[in-house]
Amino acid sequence: MDLIFNYLSALGLGGLLAGVIIEAMGIPFPGGIMVVLAGFMVNQGRMNFLSALLTLLSGYTAGSLTAYLIGRKLGQPFFMRGGRFLRISPEKFEQARGWLDRSAPAFIIFGRFLPGLSNLTPYMAGISRINIGYFLFYNSLFALGWGFLYLMLGMFFGHNYQTIAGYLNNKLTLIGLVILGLYLLYPFIKKNYRRI
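This write-up is about the structure you can find in this document. Remember, predicted model here, so these are calculated numbers, not experimental data.

**Some points on the overall build of the protein**
Summing up its helical and strand segments, the protein has eight helices and zero strands in all. Secondary structure elements of the protein occur, N-terminal to C-terminal, as α-α-α-α-α-α-α-α. Burial analysis of the protein (196 residues in total) assigns 37% to the buried set. Across the protein, contacts joining residues at least 24 apart in sequence account for 76% of those joining residues at least 6 apart. Carbon and sulfur atoms make up 68% of the accessible area of the protein, which amounts to about 11,300 Å² in all.

**Overview of the side chain of asparagine 139**
You can see asparagine 139 is positioned in helix H7 (residues 132-157). The exposure class of asparagine 139 is buried, given its relative accessible area of 1%. For asparagine 139, the residues in contact, after removing those within four places along its chain, are Tyr60, Thr61, Ser64, Ile108 and Arg112.

**Some words on the environment of phenylalanine 40**
Inspection of the secondary structure puts phenylalanine 40 in helix H2 (residues 31-43). Taking the C-alpha atoms as reference points, phenylalanine 40 and phenylalanine 156, separated by 116 residues in sequence, lie 7.9 Å from one another.

**Observations concerning the nonpolar core**
Counting residues in hydrophobic clusters, the biggest one holds 37 residues, and the most contacted among them are Leu16, Val20, Val35, Tyr60, Met124, Ile130 and Trp146. Secondary-structure elements contributing two or more residues to this core are helix H1 (2-24), H2, helix H3 (49-86), helix H4 (90-102), helix H5 (104-110), helix H6 (121-127) and H7. Ranked by the residues each element gives to this core, the list is headed by H3, at seven residues. Aside from chain neighbours lying at most four places away, what touches valine 20 is Val35, Leu56, Gly59, Tyr60 and Trp146.

**Re the packing of aromatic side chains**
This model, assessed by the stated rule, comprises nine aromatic pairs. Taking the centre distance of 5.3 Å and the plane angle of 40 degrees together, the rings of tryptophan 146 and tyrosine 150 count as tilted. Here tryptophan 146 and its partner tyrosine 150 are both found in helix H7, four residues apart, which amounts to about one turn of the helix.

**Some points on a nonpolar patch on the surface**
Taken together, the side chains of Leu149, Leu153, Phe156 and Phe157 define a hydrophobic patch exposed on the protein surface, amounting to about 380 Å² of accessible area. Its location among the elements puts phenylalanine 157 in helix H7. Given a relative accessible area of 35%, phenylalanine 157 falls into the partly exposed group.

**Quick notes on H2**
If you check H2, its first and last C-alpha atoms are 19 Å apart, about what 13 residues at 1.5 Å a residue would give, namely 18 Å. Of the positions making up H2, those classed as buried are Gly31, Gly32, Met34, Val35, Leu37, Ala38, Gly39, Phe40, Met41 and Val42. Immediately downstream of H2, the backbone of glycine 45 shows phi near 80 degrees, a positive value.

**Description of the side chain of threonine 55**
Summarising the element assignment, threonine 55 is placed in helix H3. With residues up to four places along the chain from it excluded, the contact list for threonine 55 reads Leu13, Leu16 and Leu17.

Thresholds applied
Residues numbered from 1 in each chain as written. Predicted model: local features only at pLDDT ≥ 70, side-chain atom pairs only at ≥ 80, totals over all residues. Heavy atoms only, no water. Helix = DSSP H or I, 4+ residues; strand = E, 2+ residues; numbered from the N terminus. Buried < 20%, exposed > 50% of the residue type's maximum accessible area, 1.4 Å probe, protein only. Contact = heavy atoms within 4.5 Å. Areas by Shrake-Rupley, 256 points an atom, 1.4 Å probe, with all protein chains shown as cover. Core = buried A, V, L, I, M, F, W, Y, C linked by side-chain atoms within 4.5 Å. Phe/Tyr/Trp six-rings, centres within 6.5 Å; stacked < 30°, edge-to-face > 60°. Patch = residues over 30% accessible without salt bridge, like charges linked within 9 Å, V, L, I, M, F, W, Y side chains within 5 Å. Salt bridge = Lys/Arg side-chain N within 4 Å of Asp/Glu carboxyl O. Expected span 1.5 Å × (residues − 1).

Listed below in structure tokens is the structure:
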């Protein structure tokens, strides 16, 4: 956490922009934590709230648009061939397509909250050839809501940054191991649950 905070302190809005682009492309990255830390910096007067929100919106739009265009240009065959490397099963792909077919706006806005599908959302929109303006409109609604909420969380807890950072740094290894354990156990539990 301190590493991300130092990164943001050194690079400011440019660092926030780069981090959010990576997050929006679905690449594993602590983008949410970075936005909360940007909220801490706003609370401390080291960053302007409106500038941070506009930077976040620009980065999220750029990253999501890149992912959308990759999905549109490379299409479903690319994801079917490379799915095992991306941990995308054909079933998960079809599940995402079904949700997208039922309600594109809901999928674009709320798909980012669905575990296992959140990283696929902009790519699926591109593969399905949703109108680019339509995609960007709903994607921007999500980005504004997400960014506003996370910045506000950072601002709210900003005055307790040292306490929170100390607690997280002490417990981060344990939290990481628990999450990794649950991630590795999930396929086993799911397989055995189906047998019951």
